[in-house]
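Structural characterization, general
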Amino acid sequence: MGYCGEGAPEKAKLMALLEVHNLTKYFGGLKANEDISFSIKKEELVGLIGPNGAGKTTLFNCIAGLYPVSSGKIIFSGHDITALKDYEVARLGLARTFQVYVASGDMTVVENIMVGCFMRTRSRSQAKTRAEQIMKDFKLHDLSDYILSELPVASQKQVAIAAAVGTDPKMLLLDEVAAGLNPSEIEDIMATIQHIHYNMEITVMLIEHVMELVMKISDRVIVLDSGQKIADGNPETIARDPNVVKAYLGERYVHEHAGELT
Amino acid sequence: MDILVSSLFAGLLIGMVLAMVALGLTIIFGVMEIVNFAHGEFLMVGMYTGLLTAQATGMEPLLTLPVAAAAGFLLGIICYFGFVKFVIRGPMVAQLLGTFGLMIFLRNLALLFFGAEDRAIHQGILVGKSFNIGMGVIAPATKLAAAALSVIAFWAVWLVINRTKIGKALTATSLNPQGARYMGISTERMNALAWGIGGGTVTIAGALLVNFWSVNPFIGLLFTMIAFAIVALGGFGSVSGAFFAGLAVGVITEIPGIWDFLTYIFNFGWMADVPMTSLKYMWVYLAYFVIMIVRPRGLFGWKR
Amino acid sequence: MEALSSALDFSDFPRLDMIIAGVLGGLLVIFPATPHSAFAMATMIQFLMFSLYGMGWNTIGGYGGQVDLGKAQYVGIGAFTTAVLMVRWDVPFWVSMPIGVCFAVIWSFIIGYPLFRLKGHYFAIATIATSLVLKDIFEVWDFVGAACGIEISPIKYNPPDFLHLIFKEDIYYYYVILGFFFLGILYVNWFRKSRLGFQLRSIKDNEEVAKSLGINVHWAKIKTYAIATSFVSVVGSFHACYIKNIEPEDTMSLDISILIALMAMLGGAGSLWGPIIGAGVLIPLKSYLKEWLGARAGLIGIDLIVYGAIIMLVSAVEPRGIWGIVEKVRRRKRN
């Protein structure tokens, strides 16, 4: 469906969809992201990990246009989106979800997803049809008429992803979708992400603390520590990368267990 | 030149009283982020309290301050426990309209009891006296005394907030309510205290104001808007900001005098035709609007 | 076409609601045929006018959650445009009303652009400030009659004059405003289901999420503000022809702004029926309290004391209003 149809030449798959060049972000004197560069190819599923405070969410917010960057350049599917506002970025096909998403208000599940679908159409019936299709794909159709804010967190997160998918994006940034969920809910959300990625052919980048999830589903993992990119590679290499282990476990631990790690 | 100096002087003088008017609003906002639309009505209560106490007992009007302060403190506490406490649980629209209901309630209570007519104080040793300060500035004694007492009262409240334990607890609550709660400071008590102090200070300002400003039941809204402008200018929740902003807004209310001066200097015919006196308070509203757009944290916004 | 069918489609309400609404709508249509006092007629017209004001407010304030307390300035723009055009150049109502809407919408864009950079309390107070600024300007502006206002003299016309909306009997005014009332309901019914309506509700929930779904939040608010403004301005124009003697003090005062917001909140902000329910409760209450307690018993102000107490009670006890209670009860029954 949508943008990356099967007919697309094989070459297009290898082209970078998102390119980040030397992105730096300061908050006052505090350096949240420093000189980060990476690129993501079409239909990749990339995990972004790092200890707390590494600047992962800041990076997402910069890419999605929520924060202006201090320096650097962001290219998304051929457009320079560095200076664009968040809603303009979304309209170009780069959708996102939020880490802390507490629904309020009186909108039902289907209405929430329709808001996303309304980005590509003015027609209510089209938006509704599409929202219903997405709900079916996400197995949310039973919840259709419930008020979102009255549902458990896991369902709220599923709906948030569904609404983002409703905007018909080329790429989706998912910020800690599994945080605060129990193992079976994590299974569900993992299935959702894989569905988005394989069946809907949407490129995905996700921040995640739940390692089993990241390592299992990601094609590639990027690691941030203290605002800098310290590693970038497939999950197996990342797991063995001494810098990554150091960042997570601390210098001393690595030193003491030097023998066991290689 | 004389008219400019005397306008500026009059503006600063009234500004000192207006700073006192706005003090309570900024304290309440700082502690619990609620805008009290009935603030001007609290002022009205202070004005009536000062006026009626003076008239009933025949005492010097300026000596009625403690009575007004006590009445205002009580009013603030009652309003908090009887009403505000319940409103803050709801959405913002409920808070706004709720305190607006309080405003209508108090205003019409005053109308029922005191009638619609203007009332003014005609007694006391200062009434009718004035000082010639030079440069053509003639200051009425009542205004001078009110301004001086306002500054003293403002300073006293500032000391209480910055130098005493309870004041620090109040500041802590305004900076971080949750943190303050962990430190064993009762948010509820601090909120009530903020409303008490808010009520007490504005009624003091009212009792001072009534010495040279006649009172009627509808006077509140004007002062509510003036207080909003001051609080916006000084930074929402900032006490020291409110003082300087009060002076600034005082000068804004004297724009007609300044306009006269400019008319005199430039001598354009059209300038004299502008009905500036009727637009006196428009500048205050406009100032609020412009300040909010340009500097949402206020020109003197020190509180982050 | 889809818009029209959407406006006429009330099927997402329970059937009971539609029956009640149909019966009440029918009663509104036949009301003038029933025996009634002139006072009751005046109250009903007020009710319809304030329902429309409330519906307008509800688009931005209810669905969008932007507490606008400055609607009175648009009542003034509508009313004075119509009055001035009619008195000076004999322009018919049906021409001056759209002109008034244009002025109101232009003004709403001018102040809306900076206004919507503000949020929450700051926004609410700033709307009051703009309204008061405009009122002060109207009070010194000789062209519109300054503080004394302007009077449409009915002598010049030959009632019933449908072009200029000059009538002797209130019944004509009643049916004109009733027509606007039904149109208003249809419009809001379309609006709440339209893309803009959904965008507004999403903004009310969470602005960041709304932006991430491609919504230009600032522009959506300004557009909706203009819609709300048009409603108010149309009724303002009607107000000028109906009252005939308008002053800034009684068309543009803060009390009007607050009353508009209050009715919507009392009835239930963010729902189609809320403003109508709110107006249906408050307007008769206000007029009859004033008539009985104020005028007859000589207790000046007591009507407004009761009114203030009701506002306080509603905001403390059930801020979601009457419709909020209805929905809560329904949901409890269903689950």
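So, here is what we can say about the structure in this document.

The next point concerns the overall build of chain B. Looking only at helices and strands, chain B features 13 helices and two strands. By the compact-globule yardstick of 19 Å for 304 residues, chain B fits well, its C-alpha radius of gyration being 19 Å. Across its three principal axes, chain B shows a C-alpha extent of roughly 65 × 50 × 35 Å. Per-residue burial over chain B gives 57% buried out of 304 residues. The contacts of chain B with a sequence gap of at least 6 include a subset with a gap of at least 24, amounting to 79%. In chain B, which carries 16 positive and 10 negative side-chain charges, the distance between the mean positions of the two groups comes to 19 Å.

Another point: the overall build of chain C. What chain C contains, in helices and strands, is 15 helices and two strands. In terms of C-alpha radius of gyration, chain C reaches 20 Å, essentially the compact-globule figure of 20 Å for 335 residues. Each principal axis of the C-alpha distribution contributes one length, and for chain C these read about 60 × 45 × 45 Å. With 335 residues in all, chain C has 60% of them scored as buried. Carbon and sulfur atoms make up 68% of the accessible area of chain C, which amounts to about 13200 Å² in all. A gap of 10 Å separates the mean positions of the 27 positive and 24 negative side-chain charges of chain C.

Residue and element names in this part refer to chain C. Evaluated as defined, the whole model comprises 36 aromatic pairs over all chains. When the ring of Y187 is compared with that of W190, the centres are 5.5 Å apart and the planes differ by 55°; the resulting orientation is tilted. One end of the pair, Y187, and the other, W190, are both in helix α7 (residues 170–193), three residues apart, so they sit about a helical turn from each other. Taken together through their ring pairs, the aromatic side chains of F80, W89, F138, W141 and F143 make up a single cluster. Positioned over the ring face of F198 is R201, at 5.9 Å from the centre of the ring.

Sheet strands pair by backbone hydrogen bonding; their relative direction is either parallel or antiparallel. Residue and element names in this part refer to chain A. A sheet is described by the order of its strands in space; here six strands give the open sequence β6-β7-β8-β3-β9-β10, paired in mixed fashion. One side of each edge strand has no neighbouring strand; the edge strands of this open sheet are β6 (94–96) and β10 (228–233). Sheet twist, expressed as the mean angle between neighbouring strand axes with direction ignored, is 20°. Strands in contact with helix α7 (residues 183–199) are β3 (45–49), β7 (171–175) and β8 (203–207); relative to β8, the strand with the most contacts, it is inclined by about 150°.

Moving on, we come to the environment of S212(C). Note on placement: S212(C) falls in helix α9 (residues 207–212). Under the relative-accessibility criterion, S212(C) is labelled buried at 6%. For S212(C), the contacting residues outside a window of four places in its chain are A90(A), R96(A) and F98(A). At 2.8 Å, the side chain of S212(C) forms a polar contact with the backbone oxygen of V209(C).

Owing to its 3.6 residues per turn, the α-helix brings residues three or four apart onto one side. All names here are of chain C. With 26 residues, helix α3 (residues 38–63) should reach 38 Å at 1.5 Å per residue; the first-to-last C-alpha distance of 36 Å fits that figure. In the structure, α3 departs most strongly from a straight axis at W57, where the bend amounts to approximately 45°. Taking burial as the measure, the 26 residues of α3 include 21 buried ones, the bulk of the element. Just downstream of α3, G65 is the residue with a positive phi angle, here 70°.

The next subject is the arrangement of the chains. In this assembly two pairs of chains touch, with chains B and C having more contacts than any other pair. Chain A makes no contact with chain B; the smallest distance between any of their C-alpha atoms is 11 Å.

Bringing the pattern of salt bridges into the picture now. All names here are of chain A. With the rule as written, the count across this model stands at 17 salt bridges over all chains. A salt bridge links K31 to E34; the shortest N-O distance between them is 3.2 Å. Among the salt bridges present, the one from R220 reaches E44, with a minimum N-O distance of 2.9 Å. In this pair, R220 is assigned in strand β9 (residues 220–225) and E44 in the loop between β2 (30–41) and β3, connecting sequence segments 176 residues apart. The exposure class of R220 is buried, given its relative accessible area of 14%. Taking the relative accessible area as the measure of exposure, E44 reaches 11% and is therefore buried. Through salt bridges with shared partners, one network takes in E44, R220, K229 and D232.

Residue and element names in this part refer to chain A. In space, the four strands of this open sheet follow the order β2-β1-β4-β5, with antiparallel pairing throughout. For this open sheet the edge positions go to β2 and β5 (79–80), each flanked by a neighbour on one side alone. Where strand β1 (residues 16–27) lies against strand β4 (residues 71–76), five bridges are found, and the strand directions are antiparallel. Across the sheet, the residue bridging to T24 is S71, located in β4.

Here we take up the interface of chain B and chain C. Each partner contributes residues to the interface: chain B has 42 residues there, and chain C has 40 residues. Approximately 3700 Å² of surface area, both sides summed, lies buried where chain B meets chain C, with 85% of it carried by carbon and sulfur atoms. Taken as a group, L97(B), F289(B) and I293(B) account for 16% of the area that chain B buries against chain C, more than any other trio of residues on that side. Counting across the chain B and chain C interface gives one salt bridge. Two residues, R107(B) and D255(C), come together in a salt bridge whose shortest N-O distance is 3.9 Å. Counting every contact that joins chain B to chain C gives three residue pairs in polar contact (both at pLDDT 80 or more). Only α3 (65–87), α4 (92–114), α9 (220–234) and α13 (282–294) of chain B provide two or more residues apiece to the side of chain B that touches chain C.

This part takes up the interface of chain A and chain C. Every contact between the two is made by 29 residues of chain A and, on the other side, 19 residues of chain C. Buried surface at the junction of chain A and chain C, summed over both partners, amounts to about 2400 Å²; 53% is from carbon and sulfur atoms. Where chain A meets chain C, there are one salt bridge. Seen at the junction of chain A and chain C, the total is four residue pairs in polar contact (both at pLDDT 80 or more). Sort the elements by how many residues they give to the side of chain A that touches chain C and helix α4 (residues 109–117) of chain A lands first, with five residues. Across the side of chain A that touches chain C, the residue classes tally to 13 nonpolar, eight polar and eight charged.

We now examine the pairing of β4(A). All names here are of chain A. Bridge analysis of β4 against β5 gives two bridges, and the strand direction is antiparallel. Across the sheet, residue F76 finds its bridge partner in β5, namely H79. Between β4 and β5, which follow one another and run antiparallel, lie two residues, and S77 among them has a positive phi close to 40°.

All names here are of chain B. For helix α10 (residues 239–253), which comprises 15 residues, the first-to-last C-alpha distance of 21 Å matches the rise-based estimate of 21 Å (1.5 Å per residue) to within 8%. By the criterion of burial, α10 is predominantly enclosed, with 12 of the 15 residues buried. For α10, every residue scored as buried is listed here: V239, G241, A242, F243, A245, G246, L247, V249, G250, V251, I252 and T253. Looking at the buried side of α10, the elements it contacts are α1 (2–32), α5 (141–163), α9, α11 (255–266) and α13. For α10, the side-chain oxygen to backbone nitrogen distance between the N-cap and G241 is 2.9 Å, and the N-cap itself is S238.

Moving on, we come to the environment of F181(C). As for its placement among the helices and strands, F181(C) is situated in helix α7. Contact partners of F181(C), with chain neighbours within four places excluded, come to L28(C), L48(C), S51(C), L52(C), M55(C) and I276(C).

Right, let's talk about a nonpolar patch on the surface for a bit. Residues and elements named next belong to chain C. A cluster of nonpolar side chains, namely L16, I19, I20, V23, L24, L27, V29, I30, I171, Y175 and F182, defines an oily patch on the protein surface of about 960 Å² accessible area. If you list the elements that add at least two residues to the nonpolar patch, you get α2 (15–30) and α7. Broken down by element, the nonpolar patch gets its largest block of residues, eight residues, from α2. The residue L16 is located in helix α2 in this model.

Calculation rules
Residues numbered from 1 in each chain as written. Chains lettered and ligands numbered in written order. Predicted model: local features only at pLDDT ≥ 70, side-chain atom pairs only at ≥ 80, totals over all residues. Heavy atoms only, no water. Helix = DSSP H or I, 4+ residues; strand = E, 2+ residues; numbered from the N terminus. Rg over C-alpha atoms; globule rule 2.2 N^0.38 Å. Buried < 20%, exposed > 50% of the residue type's maximum accessible area, 1.4 Å probe, protein only. Contact = heavy atoms within 4.5 Å. Lys, Arg positive; Asp, Glu negative; His and termini not counted. Charge placed at Lys NZ, Arg CZ, Asp CG, Glu CD. Areas by Shrake-Rupley, 256 points an atom, 1.4 Å probe, with all protein chains shown as cover. Phe/Tyr/Trp six-rings, centres within 6.5 Å; stacked < 30°, edge-to-face > 60°. Lys NZ or Arg CZ within 6 Å of the ring centre and 35° of its normal. Pairing = 2+ DSSP bridges. Axes fitted to C-alpha atoms, helices over the stretch in contact; angles between N-to-C directions. Polar contact = N/O pair within 3.5 Å; in protein donor to acceptor, adjacent residues only side chain to side chain. Expected span 1.5 Å × (residues − 1). Bend = angle between axes of the 7 residues up to and from the residue. Salt bridge = Lys/Arg side-chain N within 4 Å of Asp/Glu carboxyl O. Buried area = accessible area lost by both parts, 1.4 Å probe. Nonpolar A, V, L, I, M, F, W, Y, C, P; charged D, E, K, R; others polar. Patch = residues over 30% accessible without salt bridge, like charges linked within 9 Å, V, L, I, M, F, W, Y side chains within 5 Å.

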